[in-house]
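Structural overview
Residue-level listing of the chains:
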Amino acid sequence: MGKVSKEKILEILDGYDKDNITIATLGSHTSLHILNGAKAEGFRTAIVCEKGREIPYERFDVADEFIMVDKFADIVNDDVQDKLRAMNAIVVPHGSFVAYAGLDNVEDIFEVPMFGNRDILRWEAERDLERKLLINGDVRIPYKYDDPADIDRAVMVKFPGARGGRGYFVASSPEEFNAKIEAMKSRGWIEDEDIEQAHIEEYVCGCNYCIHYFYSALNDEVELMGMDSRYESSIDGFVRMPAKDQLEVDLSPSYVVTGNHPVVIRESLLTQVFDIGDKLVKSAAELVKPGLNGAFCMQTLVNDNLEVVVFETSARTDGGTNTFMEGSSYSYLKYGEGMSMGRRTAREIKNAIEQDALDKVIT
Ligand code: AMP
């Protein structure tokens, strides 16, 4: 099947009433501030909502229109796409949108204008491509081990499909790696093919900063919008146990994000923060034309050498942006008003409409 072409999307946009654009998204993840921000910038809003999941959106009154579906994945169905186009919708993607709609569907059959660069979504989703983007940008990332026999310090082991931290484990030697793999196999958590694809990287012992940027293609500028730190189960519960009990209980912690705290970084590290953001934008422009567009996130750990080490990226609105729906310390410095990521996105779309430059921000 062919990919949804930019020409096709521009043709659809041509038929849109630009004075009546609706900002739409899937009801999950970061949709509250995407839609709240769109309303603040004067747009109509629509939510594609799975039956039974509508309550937060009704109670917070963020959507003018509800498109109810049996399951989130139905957002790519023809009738839903028709409804979206009929309301001149521009869809703002987020993590759950990509996960539920499916990357292949977003690339091949979702013929609704989307904010940002749809081609880059695959680059953040596939670990090897993501790594290529970071290496090409000369961004400091965790050292990667190709062979478990080489493990010579604490490493973090990740499996494909286990993103989000379930089933990750820490090991410090080839023996410990093998023992933990055997234990996971005997519990039926992993298969042999998973083991071949295990991703082994340096365990970065440091503090977590997930840095939210907005790249404005209209202004060619990287803006620092906010930062969060993750609250992860079960590790954050586990570390509340006294060390003696941690050693005695037979629990293997996981790293599943359950919430986020807003955080600010030491001011002297902001030079590195801007540097890595600029580098990722440059790298993406080289590898996935036209590059990043709109929200992106770099998930980092800062070690005691004050190095900002990037272990993950998102090329769309990341979940941690929920920590600054009314603005962050950083978006305050830039905008002096409650600027969420959703509102910043809507403002970019509004500016693009005013400048007749929607083609620069839509894909
Ligand atoms: P991820 O699925 O890559 O976002 O990782 C989930 C969580 O695992 C992170 O939020 C960190 O707490 C932890 N983590 C991931 N990679 C590393 C690493 N290289 N060193 C230490 N902790 C890590």
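Heads up: these notes are all about the structure in this document. (Residues numbered from 1 in each chain as written. Predicted model: local features only at pLDDT ≥ 70, side-chain atom pairs only at ≥ 80, totals over all residues. Heavy atoms only, no water.)

1. Concerning the nonpolar core
Ranked by internal contacts, the top residues of the largest apolar core, which has 56 residues, are Ile 75, Leu 84, Phe 97 and Phe 110. Beyond its immediate stretch of four places on either side in the chain, Phe 97 contacts Leu 26, Ile 75, Val 91, Gly 102, Val 106, Phe 110 and Met 114. (Core = buried A, V, L, I, M, F, W, Y, C linked by side-chain atoms within 4.5 Å. Buried < 20%, exposed > 50% of the residue type's maximum accessible area, 1.4 Å probe, protein only. Contact = heavy atoms within 4.5 Å.)

2. Regarding the packing of aromatic side chains
Each pair of aromatic rings is reported with the distance of its centres and the angle of its planes. According to the stated counting rule, one finds eight aromatic pairs in the structure shown. Where Phe 159 meets Phe 169, the ring centres are 6.3 Å apart and the plane angle is 45°; that geometry is what we call tilted. Of this pair, Phe 159 sits in the loop between strand E6 (155-158) and strand E7 (169-171) while Phe 169 sits in strand E7, placing them 10 residues apart in sequence. When sorted by exposure, Phe 159 lands in the same class as Phe 169, which is buried. Seen in terms of ring centroids, Tyr 213 and Phe 296 are 4.8 Å apart; in terms of plane orientation they differ by 10°. Their pairing is stacked. With a gap of 83 residues between them, Tyr 213 in strand E9 (residues 207-216) and Phe 296 in strand E12 (residues 294-302) connect regions that are remote in the sequence. Neither residue differs from the other here; Tyr 213 and Phe 296 are each classed as buried. Taken together, Phe 159, Phe 169 and Phe 177 form an aromatic cluster joined through their ring pairs. (Phe/Tyr/Trp six-rings, centres within 6.5 Å; stacked < 30°, edge-to-face > 60°. Helix = DSSP H or I, 4+ residues; strand = E, 2+ residues; numbered from the N terminus.)

3. Quick word on the side chain of Thr 313
Structurally, the position occupied by Thr 313 is in strand E13 (residues 308-314). Ignoring sequence-local partners within four residues, the contact set of Thr 313 consists of Glu 124, Glu 130, Leu 134, Leu 280, Cys 297 and Met 298.

4. Structural notes on the packing of helix H8 (residues 127-136) against helix H13 (residues 270-287)
Each pair of packed helices can be described by the angle between their axes along with the distance between the axes. Close contact between H8 and H13 brings their axes to 8 Å; oriented N to C, the two are set at 115°. Seen from above, H8 lies across H13 with right-handed handedness. Taking contact as the criterion, the partners of Lys 132, Leu 133, Leu 134 and Asn 136 in H8 are, on H13, Leu 280, Ser 283, Ala 284, Glu 286 and Leu 287. Taken together, the residues of the contact of H8 with H13 break down into five nonpolar, two polar and two charged. (Axes fitted to C-alpha atoms, helices over the stretch in contact; angles between N-to-C directions. Left-handed = near helix turned anticlockwise from the far one by under 90°. Nonpolar A, V, L, I, M, F, W, Y, C, P; charged D, E, K, R; others polar.)

5. With respect to the pattern of salt bridges
Overall, the coordinates contain 31 salt bridges when judged by the stated rule. Arg 343 is the partner of Glu 41 in a salt bridge, and the nearest nitrogen-oxygen pair spans 2.6 Å. Placement of the pair is Glu 41 in the loop between helix H2 (31-40) and strand E2 (44-50) and Arg 343 in helix H15 (residues 341-354), with a sequence separation of 302 residues. Salt-bridge contacts for Arg 347 lead to Glu 41; the nearest nitrogen and oxygen are separated by 3.1 Å. Taken together, the positions of Arg 347 in helix H15 and Glu 41 in the loop between H2 and E2 put the pair 306 residues apart, joining distant regions of the chain. Comparing Arg 347 with Glu 41 shows no difference in burial state: the two are buried. Connected through shared salt-bridge partners, Lys 3, Asp 104, Glu 107, Arg 122 and Glu 126 make up one network. (Salt bridge = Lys/Arg side-chain N within 4 Å of Asp/Glu carboxyl O.)

6. Side note on the sheet that holds strand E4 (residues 89-91)
Overall, parallel pairing links the four strands, which are arranged E3-E2-E1-E4 in an open sheet. For this open sheet the edge positions go to strand E3 (65-69) and E4, each flanked by a neighbour on one side alone. Sheet twist, expressed as the average angle between the axes of neighbouring strands with direction ignored, equals 25°. Across three bridges, the pairing between strand E1 (residues 22-26) and E4 is parallel. Counted as the bridge partner of Ile 23 is Ile 90 from E4. Where helix H4 (residues 78-86) meets the sheet, its contacts fall on E1, E2, E3 and E4, and the angle it forms with E3 comes to roughly 175°. (Pairing = 2+ DSSP bridges.)

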